[in-house]
Amino acid sequence: MTEPQAYLNGAFIPFSEAKLAVTDLGIVYGAAVTEMIRTFAHQLFMLDEHLDRLYSALEYACIEPVPQKSELRQVCETVIEHNARLLPPEHDLGLTVFITAGHNLPYLGLSELEMCRTPTVCVHSFPLAFELWNQKYNTGQYLLKAEGQQLNNSIFDPRIKSRSRIHLYRADKLVRKENPQASALLFDQSGFAAETTIGNFYLVKDNIIKTPRPEHVLGGISQTMVAQLAKQLGLCYEETDISSNAIIDADEALTSSTAYCLMPVTHFNSQPISDGRPGPVFQKLLSAWSQIVGVDIVEQATQVGEARRKSISEQH
């Protein structure tokens, strides 16, 4: 098969055939949990940690029955093994796993009760779009305070990674009306920083890395990596409340996410952070990360991103 492969409900199929029915609760209610894992040199990174978080989310969302974790792990590895062969060696993949609550009973009726009780399980991959972020390692990101708040824990636990993300979509759309290059930083109901729409947030002050309290954010797998690297580099790492003023007063600010790993934030609410350039703690952390995975993260993103951008330009 020369087309990328996907897995849907027990079968490996061509990616183009991986589709959800309009009756699926992932579409009807957004009732689905998900994980996105990336590869380095075509090897999945921290897969077990991602699957552990996925299964915790499934339990919280009351989605059952679910496949055995070992079975799903094998599916992930099989999809990557096949699809990586279709890529140049210097490129890498993102792998998405999502599980929905099945089909909507009122749409199908009791004759399809068993289908409605059976979760939809899908695994697919995609080439990482490095051109979307490769330049930001040097220029940094612009963050704006979101109009809406972070999820309220009394309604839905923000530590659960679900497909119910309309509030995140809206947050970025609104800030990009003000600045098309910006991303939203959400704050909790107490007025403290929480997270961006795709990753965890940190500031650096006096060589101390500070990140929002874990009860208010989705605990990132990349965030775990940042904490480990901080310890390795002898840097203090604190989980604490972070105000808007603290961000402006910071020496550096950063975000982490699976695809790009670690990214500097150089402006917040249109004000520069420090001198408005990526700082030394960011450089140290990302360099250490590159050593662990055996890939120069910035160099890969730069080379592959520019190659992809050139290819897109030639197509048009």
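About the thresholds
Residues numbered from 1 in each chain as written. Predicted model: local features only at pLDDT ≥ 70, side-chain atom pairs only at ≥ 80, totals over all residues. Heavy atoms only, no water. Helix = DSSP H or I, 4+ residues; strand = E, 2+ residues; numbered from the N terminus. Rg over C-alpha atoms; globule rule 2.2 N^0.38 Å. Buried < 20%, exposed > 50% of the residue type's maximum accessible area, 1.4 Å probe, protein only. Contact = heavy atoms within 4.5 Å. Areas by Shrake-Rupley, 256 points an atom, 1.4 Å probe, with all protein chains shown as cover. Expected span 1.5 Å × (residues − 1). Axes fitted to C-alpha atoms, helices over the stretch in contact; angles between N-to-C directions. Parallel < 35°, antiparallel > 145°, perpendicular 65-115°, else oblique. Nonpolar A, V, L, I, M, F, W, Y, C, P; charged D, E, K, R; others polar. Pairing = 2+ DSSP bridges. Disulfide = S-S within 2.5 Å. Right-handed = clockwise from strand over helix to strand, strands pointing away. Core = buried A, V, L, I, M, F, W, Y, C linked by side-chain atoms within 4.5 Å. Domains from an automatic or database assignment. Phe/Tyr/Trp six-rings, centres within 6.5 Å; stacked < 30°, edge-to-face > 60°. Lys NZ or Arg CZ within 6 Å of the ring centre and 35° of its normal.

Engineer: Explanation requested: the overall build of the protein in the structure shown.
Structural biologist: Across its full length, the protein carries eleven helices and 15 strands. Against the 2.2 N^0.38 benchmark of 20 Å for 316 residues, the protein shows a C-alpha radius of gyration of 20 Å, consistent with a compact globule. Its C-alpha atoms put the protein at 65 × 45 × 40 Å along the principal axes. Considering the protein as a whole, with its 316 residues, one finds that 49% of them fall into the buried category. Contacts in the protein between residues at least 24 apart in sequence constitute 71% of all its contacts with a sequence separation of at least 6. Within the structure as shown, the protein displays about 15500 Å² of accessible surface, and the carbon and sulfur contribution to it stands at 51%.

Engineer: Hey, could you run me through helix 8 (residues 221–232) in this one?
Structural biologist: For helix 8, which comprises twelve residues, the first-to-last C-alpha distance of 17 Å matches the rise-based estimate of 16 Å (1.5 Å per residue) to within 8%. Within helix 8 the residues assigned to the buried category are I221, S222, Q223, M225, V226, L229 and A230. Looking one or two residues beyond helix 8, the residue adopting positive phi is G234, at roughly 75 degrees.

Engineer: Explanation requested: the packing of helix 8 against helix 10 (residues 280–293) in the structure shown.
Structural biologist: Relative placement of two packed helices is described by the angle separating their axes and the distance separating the axes. Packing of helix 8 against helix 10 brings their axes to within 10 Å, and their N-to-C directions diverge by 105 degrees. The pairing of helix 8 with helix 10 is recorded here as roughly perpendicular in orientation. Here S222, M225, V226, L229, A230 and Q232 of helix 8 lie close against helix 10, whose contacting residues are L285, A288, W289 and I292. Residues belonging to the contact of helix 8 with helix 10 are distributed by class as follows: eight nonpolar, two polar and no charged.

Engineer: How do you make sense of the pairing of strand 14 (residues 261–268) when you look at a structure like this?
Structural biologist: Looking along a regular strand, one sees the side chains alternate between the two faces of the sheet. Within strand 14, eight of the eight residues are buried, which leaves it mostly tucked inside the rest of the structure. Where strand 7 (residues 141–149) and strand 14 come together, three bridges link them in parallel fashion. Looking at the pairing, L143 lines up with F268 of strand 14. Here five bridges tie strand 13 (residues 252–257) to strand 14, and the two strands are oriented antiparallel to one another.

Engineer: Looking at this structure, how should I read the state of the cysteines?
Structural biologist: Two cysteines whose sulfur atoms are joined by a covalent bond form what is called a disulfide. Under the definition given, this model contains zero disulfides. Lacking any disulfide linkage, C116 is separated from the closest cysteine sulfur, that of C62, by 17 Å. The class of C116 is buried, set by a relative accessible area of 9%. With no disulfide of its own, C122 has C76 as its nearest cysteine by sulfur position, at a separation of 11 Å. Taking relative accessible area as the criterion, C122 reaches 4% and is therefore assigned buried.

Engineer: Is there a simple way to think about the sheet that holds strand 6 (residues 120–127) in this case?
Structural biologist: Strand pairing in a sheet takes place through backbone hydrogen bonds and is either antiparallel or parallel in direction. Pairing is antiparallel in the open sheet, where six strands are placed in the order 2-1-6-5-3-4. Strand pairing shows two members of the sheet lacking a second neighbour, strand 2 (11–14) and strand 4 (43–44), which therefore form its edges. In the sheet, strand 3 (residues 32–40) pairs with strand 5 (residues 93–100) via seven bridges, with the strands oriented antiparallel. The residue bridging A32 from the neighbouring strand is T100, located in strand 5. Set on the sheet, helix 2 (residues 47–60) makes contact with strand 3, strand 4 and strand 5; between it and strand 3 the angle comes to about 175 degrees.

Engineer: For this particular structure, what's the right way to read the pairing of strand 12 (residues 236–239)?
Structural biologist: Bridging between strand 11 (residues 208–211) and strand 12 involves four bridges; their strand directions are parallel. Each bridged residue has a counterpart across the sheet, and for I208 the counterpart in strand 12 is C236. For the segment spanning strand 11, helix 8 and strand 12, crossover handedness is right-handed.

Engineer: Teacher, can you tell me more about the nonpolar core here?
Structural biologist: Among soluble globular proteins, nonpolar side chains are generally buried collectively. Within the largest apolar cluster, 34 residues are counted, with the highest numbers of intra-cluster contacts made by F40, W133, Y137, I209, L262, W289 and I297. Secondary-structure elements contributing two or more residues to this core are strand 3, strand 10 (200–205), helix 8, strand 14, helix 10 and helix 11 (297–315). Top contributing element to this core by residue count: helix 10, with seven residues. For this core, the domains that each give at least three residues are domain 1 (5–128) and domain 2 (135–300). Dropping the residues within four chain positions of it, Y137 is found in contact with Y260, L262, M263, P264, P278, F282, L286, I297, V298 and A301. One finds V33, L47, L58 and V121 within the second-largest nonpolar core, a separate group that totals 25 residues.

Engineer: In this structure, what is going on with the packing of aromatic side chains? I would like to understand it.
Structural biologist: Centre distance and the angle of the planes are the two values used to describe a pair of aromatic rings. All chains considered together, the criterion is met by five aromatic pairs. Ring plane angle 85 degrees and centroid distance 5.3 Å describe the contact between F40 and F45, whose orientation is recorded as edge-to-face. Taken together, a centroid distance of 5.4 Å and an interplanar angle of 90 degrees make the contact between Y60 and F156 edge-to-face. Of this pair, Y60 sits in helix 2 while F156 sits in the loop between strand 7 and helix 7 (166–178), placing them 96 residues apart in sequence. The exposure class assigned to Y60 is partly exposed, which follows from its relative accessible area of 35%. The ring of F40 carries R38 above its face, with NZ or CZ at 3.8 Å from the centroid. A cation over an aromatic ring shows up here: K145 above the ring of F187, its NZ or CZ 4.6 Å from the ring centre.

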